2 protein chains.
Amino acid sequence: MFLLLNSAQVLYDFTAEPGNNELSVREGETITITNQNIGGGWIEAKNSRGEVGLVPEDYIEVWSGYQKWLLLAQKTGVIQLCAEDDEWDEEWDDVKTSGGYAESEAGEGGAINRGGAHGSSMKIALNKVLIAISFYMMRVRIYTVFQGGEAGPVWAYPDYQLDCVVADPKKGTKMYGLKSYIEYQVTPTTTNKPVNHRYKHFDWLYERLLDKYGSAIPIPCLPDKQVTGRFEEEFIKMRMERLQGWMTRMCRHPVVSSSEVFQLFLSYKDEKDWKMGKRKAEKDETVEVMIFSTIEPEGLPDLDLIEVEQKCEQFNRFTRAMDDGVKDLLTIGNEHWKRCTGPLPKEYQRIGKAFQNLSSVFNSSGYEGEATLTDALTAAGKTYEDIAQMVAEQPKKDLHFLMETNNEYKGLLGCFPDTIGVHKAAIEKVKEADKLVATGKITTSEKITMSKRASTMSYALQAEMNHFHSNRIYDYNRVMQQYLEQQGKFYEMIAEKLRHAHSQFTTM
Amino acid sequence: MFLLLNSAQVLYDFTAEPGNNELSVREGETITITNQNIGGGWIEAKNSRGEVGLVPEDYIEVWSGYQKWLLLAQKTGVIQLCAEDDEWDEEWDDVKTSGGYAESEAGEGGAINRGGAHGSSMKIALNKVLIAISFYMMRVRIYTVFQGGEAGPVWAYPDYQLDCVVADPKKGTKMYGLKSYIEYQVTPTTTNKPVNHRYKHFDWLYERLLDKYGSAIPIPCLPDKQVTGRFEEEFIKMRMERLQGWMTRMCRHPVVSSSEVFQLFLSYKDEKDWKMGKRKAEKDETVEVMIFSTIEPEGLPDLDLIEVEQKCEQFNRFTRAMDDGVKDLLTIGNEHWKRCTGPLPKEYQRIGKAFQNLSSVFNSSGYEGEATLTDALTAAGKTYEDIAQMVAEQPKKDLHFLMETNNEYKGLLGCFPDTIGVHKAAIEKVKEADKLVATGKITTSEKITMSKRASTMSYALQAEMNHFHSNRIYDYNRVMQQYLEQQGKFYEMIAEKLRHAHSQFTTM
């Protein structure tokens with residue numbers, strides 16, 4: 001399920017003046033804001049038919065559930081924003097040098113060794129090491145982990161929520177038309193300048209993000225690569241929807257969305273810029289457990305080993321339980337989908353046909369005064385045929401989104417065992433520290449550093465879990481609301497249809 | 001399905017004065033009129049708790065859909081009432097002599113011979129030969145077939161619609177408690193004096209009516225004799241409901257309801273009266289095709305053979321088609337019943353459990369601000385469990401009556417082949433008449449009589465079909481209204497429940 005953060009609801013009718021690049025909109029219509037930086041009280045928007053034009057700002061209400069929630073979460077201390085800070089480095093290129101310090105102890109292999117690899121990075125004199133670039137302002141922002149009220153450690157969130165729209169899939173060809181592919185238009189809400197990407201570019205981005213952040217942050221898989229068949233159009237639509245969902249989730253993540261590679265993907269200037277950026281990203285060495293070297297638990301005390309272990313176990317239990325719950329819901333949802341699109345509408349159709357059949361039999365009676373009943377019976381029969389169709393079409397309107405959200409979460413939860421595994425391995429290594437000191441393998445100072453690292457990793461995991469939890473609460477609130485609202489409307493519509501069918505019978 | 005013609009709706013609250021045999025009733029309550037001949041502006045009524053007492057007439061509105069319809073049907077000429085006639089014989093015992101004239105040519109066998117058996121009865125000097133006794137007035141009324149406007153021939157309908165209430169099944173024993181049986185209380189709306197009958201008495205009545213009227217009027221079977229099992233109470237309830245349906249249908253029939261045997265069943269004075277009446281009914285000789293001797297198409301011309309044949313064929317086609325339609329609906333209804341009480345609620349229950357499970361997983365997150373979502377999710381889960389129960393219970397509230405009505409009609413329609421068969425055989429015999437005259441088997445005068453009889457039979461069939469059609473239109477109107485109303489309410493209730501569940505999620 002994708003949440004269009006730039007959707008808006010039209011409050012009043014507005015009729016475009018010809019030749020002014022304006023867009024006529026109707027009260028209640030949902031439009032997509034394509035540019036909100038027009039000025040003069042105007043915004044640029046797109047309607048559901050794909051027409052783009054200017055609409056007065058006062059005539060619309062921006063749908064901003066997520067922003068509203070973010071605001072509330074900030075106020076209640078669940079999320080703490082990183083305040084603008086004059087001390088921030090103006091030159092983000094300086095920070096880039098951190099890419100060079102990763103002298104990985106690669107030879108030793110395994111997660112714990114990879115976990116221990118960022119010792120050297122600690123030497124880098126950076127107080128705030130998790131870098132995010134607010135790409136359209138081109139200013140460097142430094143994010144870190146804060147004590148986020150009672151919720152525990154949280155990521156530093158940017159004060160502007162990034163989002164993007166994946167739209168307009170277009171067929172492209174290369175090799176003189178021998179090979180064809182689908183290109184999607186990706187438009188970030190910050191620049192409003194669309195860039196084009198093929199599925200394989202998304203896949204490239206996924207690989208980079210997984211490589212870079214996978215140890216600390218679950219990077220969910222992209223939608224399946226599966227090749228279509230006859231339903232190409234439907235498949236493209238579905239893939240686009242899922243790419244949108246994936247991108248929205250990445251945009252929402254303060255660490256991921258502010259990464260250089262993600263911003264390159266969203267706002268490269270031209271083909272040359274894209275190719276250079278790609279090469280640079282592929283050479284990035286702050287990957288895997290190195291990412292922990294860029295995380296600073298700001299003002300937070302080191303955790304002790306038992307606490308780290310407890311937190312880790314708690315998250316492990318939770319993600320496993322949720323994984324089971326989500327999979328269970330998906331199984332049931334799938335079965336329900338099948339019933340709602342298969343046997344159930346068939347049965348309503350047969351009921352409808354039986355009423356209509358009886359009506360036509362009655363019609364052949366040759367009896368006077370038959371018309372009112374036969375007309376009403378036919379109408380009742382048609383009503384049940386309508387209901388059959390409604391039942392069959394309904395899952396696309398509600399169950400679909402419930403399934404998509406849970407599918408997304410299944411993907412996300414599937415990443416946690418790896419993320420948690422890294423932590424567990426680190427904990428094991430710290431547990432061995434005393435023995436390693438005794439046998440002279442490491443120094444006492446190195447033991448303290450290891451313990452510090454484990455503490456940092458735990459803070460990162462806690463920040464990530466809090467991010468996960470707050471998003472989960474938001475997502476499940478939204479999707480359940482959407483599901484129940486649509487279900488309610490659906491049953492109300494059936495009731496209304498039945499009331500109408502009922503009214504056609506005589507009330508003698 | 002049974003239609004309680006003596007139900008009434010309470011229009012205003014009425015508080016009983018103690019010691020006056022009055023009954024307190026509330027606005028909107030449905031009561032059953034147990035005696036409307038109290039006078040002085042009072043009626044006697046029973047509430048749903050079985051309490052009986054007096055209620056002011058002005059405080060209630062009699063539910064009288066059937067009577068209203070009857071009135072309308074009369075006005076539009078579909079049904080013509082037999083006007084009170086001073087010439088009616090005051091002594092119904094005189095008429096009884098008609099029982100003695102049936103010198104059946106039984107030896108010849110077969111329907112046509114039985115059809116030809118009432119030749120002698122024609123000698124009886126009775127212009128109006130279909131006798132019905134308005135038992136509570138103890139006056140003889142003579143019914144006949146009228147030309148009923150455009151609808152064609154109709155039975156003469158009494159000006160008072162008889163009905164009865166089958167209620168209060170009670171266990172009785174005989175042979176010193178060795179044998180037990182169920183006795184039902186049958187209360188006719190005319191006398192309001194209840195009589196008791198066991199199922200085997202109903203069965204006895206059925207046999208008598210079938211014997212007497214079966215050639216001209218379809219007498220539907222009684223509900224199954226099947227022996228219960230563990231669900232005795234449910235079975236008794238169902239049987240009572242079906243006996244009520246059967247009795248109501250018999251009450252509605254102007255010929256059947258006015259018969260001596262039927263009135264005996266409804267209003268015998270005491271055990272002696274009942275036993276004597278039984279013996280007399282069992283000796284009745286105006287049975288089988290003899291019944292046609294009691295039918296007089298008043299003021300209607302003789303039909304010609306081709307017309308008789310055409311009418312017969314039309315009815316044959318219609319009843320077969322309706323039989324197919326009704327059976328089809330019953331098959332579909334049965335399947336729908338199974339789905340609604342089996343897999344469908346199970347699935348809603350599983351959805352409900354999955355939501356609740358997810359809620360309890362979320363609850364274990366240890367994350368702040370989880371409560372609103374988990375409470376709402378639990379409520380949503382419980383809502384789907386409620387829906388599961390509603391779905392499972394709904395068929396009893398609507399589909400049940402649709403099924404019962406169609407079951408009744410299946411029974412009725414199953415009688416038509418026999419009724420129509422008698423007519424077809426008669427037609428065949430008339431067709432042979434010329435040959436029979438030529439070979440000296442019958443006289444020309446006898447040929448004319450035969451043709452006259454076939455015409456009478458056709459009028460009887462037409463009157464019966466018109467009775468069937470008008471009742472069918474009434475019944476299907478009622479049952480479809482009831483079905484659609486209940487279905488509409490059901491879906492509205494689900495929608496309401498879902499709206500409530502929806503409202504519990506935060507609207508940030």
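Presented here is a report on the structure given in the accompanying data block. Residue indices begin from 1 for each chain and proceed along its sequence in written order. Naming scheme: in the order in which they are written, chains are lettered from A and ligands are numbered from 1. Residue-level local features of this predicted model are given only where pLDDT is at least 70; pairs of side-chain atoms are given and counted only at 80 or more, and the full residue set underlies all totals for whole chains, interfaces and linings. Note: side-chain values were computed over all heavy atoms of the structure, leaving out hydrogens and water.

**Remarks on the overall build of chain A**
Rules: Helix and strand labels come from DSSP, where a helix needs a run of H or I of at least four residues and a strand needs a run of E of at least two; each type is numbered from the N terminus. The classification of residues rests on relative accessible area computed with a 1.4 Å probe and restricted to protein chains. Under 20% of the type maximum is buried, over 50% is exposed, and intermediate values are partly exposed. Note on contacts: a residue pair qualifies if any of its non-hydrogen atoms lie within 4.5 Å across the two residues. To be clear on the numbers: accessible area is Shrake-Rupley with a 1.4 Å probe, and residue cover counts the displayed protein chains and nothing else.
In terms of helices and strands, chain A carries 14 helices and 12 strands. Here chain A, with 508 residues, has 54% of them falling under the buried criterion. Put simply, of all contacts in chain A between residues at least 6 apart along the chain, 69% involve residues at least 24 apart. For chain A, the exposed surface amounts to about 23,600 Å²; the carbon and sulfur share of it is 50%.

**Overview of the sheet that holds strand S12 (residues 195–198) of chain A**
Residue and element names in this part refer to chain A. Note the cut-off: At least two DSSP bridges between two strands are needed for those strands to be called paired. Note on method: axes are straight lines fitted to C-alpha atoms, helices fitted across the in-contact stretch only, with angles between N-to-C directions ranging 0 to 180 degrees.
The three strands lie next to each other as S10-S11-S12, forming an open sheet whose pairing is antiparallel. Both outer strands of the open sheet, strand S10 (164–174) and S12, are each paired with one neighbouring strand and no more. Strand-to-strand twist of the sheet, defined as the mean angle between neighbouring strand axes without regard to direction, takes the value 35°. Strands S10 and strand S11 (179–188) of the sheet are contacted by helix H5 (residues 232–252), whose axis makes an angle of about 135° with S10. On the sheet, helix H7 (residues 260–267) packs against S10, S11 and S12 and is oriented at approximately 110° with respect to S12.

**A few points about the relation of the copies chain B and chain A**
Formally: For the least-squares superposition of copies, only C-alpha atoms count, and only for residues with pLDDT at least 70 in both.
Turning chain B through 180° and shifting it by 0.2 Å along the axis lays it on chain A, with an RMSD of 0.5 Å. In short, the pair behaves as if placed about a two-fold rotation axis. Residue by residue, 100% of the interface of chain B is reproduced at the interface of chain A, so both copies engage with the same surface.

**Quick word on the pattern of salt bridges**
Threshold: We count a salt bridge whenever a side-chain nitrogen from Lys or Arg sits within 4 Å of a carboxyl oxygen from Asp or Glu.
In total, this model carries 46 salt bridges over all chains according to the counting rule given. A salt bridge links Glu496 of chain A to Arg499 of chain A; its shortest N-O distance comes to 3.2 Å. Residue Glu496 of chain A and its partner Arg499 of chain A are located together in helix H14 (residues 444–503), separated by three residues, close to a single helical turn. Owing to a relative accessible area of 42%, Glu496 of chain A belongs among the partly exposed residues under this scheme. On the accessibility criterion, Arg499 of chain A (36% relative accessible area) is partly exposed. Here Arg499 of chain A ties to Glu492 of chain B by a salt bridge, and the two come within 3.7 Å at their closest N and O atoms. On the criterion of chain membership, the pair formed by Arg499 of chain A in helix H14 and Glu492 of chain B in helix H14 (residues 444–503) is interchain, its members lying in two chains. Its relative accessible area of 22% is what places Glu492 of chain B among the partly exposed residues. What emerges from the salt-bridge pattern is a single network uniting Glu492, Glu496 and Arg499 of chain A together with Glu492, Glu496 and Arg499 of chain B.

**What to know about the sheet that holds strand S12 (residues 179–188) of chain B**
In a beta sheet, neighbouring strands are held together by backbone hydrogen bonds and run either parallel or antiparallel to one another. Residues and elements named next belong to chain B. The three strands lie next to each other as S11-S12-S13, forming an open sheet whose pairing is antiparallel. With partners counted over all chains shown, the strands left at the sheet margins are strand S11 (164–174) and strand S13 (195–198), one partner each. This sheet shows a mean twist of 35° between the axes of neighbouring strands, independent of strand direction. Of the strands in this sheet, S11, S12 and S13 are in contact with helix H4 (residues 199–213), which crosses S13 at around 85°. Of the strands in this sheet, S11 and S12 are in contact with helix H5 (residues 232–252), which crosses S11 at around 135°.

**Concerning the interface of chain B and chain A**
Let me state the cut-off plainly: Buried area counts how much accessible surface, traced with a 1.4 Å probe, disappears from two parts once they are put together, with both parts' losses summed. Think of a polar contact as two N or O atoms within 3.5 Å of one another; within protein, one of them needs to be a possible hydrogen donor and the other a possible acceptor, and neighboring residues in sequence only count if both atoms come from side chains. Side-chain classes are defined by residue name, with Ala, Val, Leu, Ile, Met, Phe, Trp, Tyr, Cys and Pro counting as nonpolar, Asp, Glu, Lys and Arg as charged, and the others, Gly among them, as polar.
At the junction of the two partners, chain B supplies 69 residues and chain A supplies 69 residues. Regarding the contact of chain B and chain A, the summed buried area is about 6,800 Å², with carbon and sulfur atoms giving 66% of it. Inspection of the region where chain B meets chain A yields eight salt bridges. Scanning the region where chain B abuts chain A turns up 16 residue pairs in polar contact (both at pLDDT 80 or more). For the side of chain B that touches chain A, the elements supplying multiple residues, two or more each, are helix H1 (65–75), helix H9 (305–341), helix H10 (343–363), helix H11 (371–397), helix H12 (399–431) and H14 of chain B. Here the side of chain B that touches chain A takes 22 residues from H14 of chain B, the largest share from any one element. Of the residues assigned to the side of chain B that touches chain A, the class counts are 37 nonpolar, 20 polar and 12 charged.

**Overview of the packing of helix H10 (residues 343–363) of chain A against H14 of chain B**
Counted only if it meets this: Note that the term roughly parallel is reserved for angles under 35 degrees, roughly antiparallel for angles over 145, roughly perpendicular for angles of 65 to 115, and oblique for everything else. Helix crossings fall into two classes, left-handed where the near helix is turned counterclockwise from the far one by less than a right angle and right-handed where it is turned clockwise.
Across the interface, H10 of chain A lies against H14 of chain B with an axial gap of 13 Å and an inter-helix angle of 160°. With respect to their mutual orientation, H10 of chain A and H14 of chain B come out roughly antiparallel. Crossing of H10 of chain A against H14 of chain B: the hand is left-handed. Of the residues in H14 of chain B, those in contact with Tyr348, Phe355, Leu358 and Phe362 of chain A of H10 of chain A are Arg472, Tyr476, Met480, Tyr483 and Tyr491 of chain B.

Nothing here speaks to function; it is all geometry.
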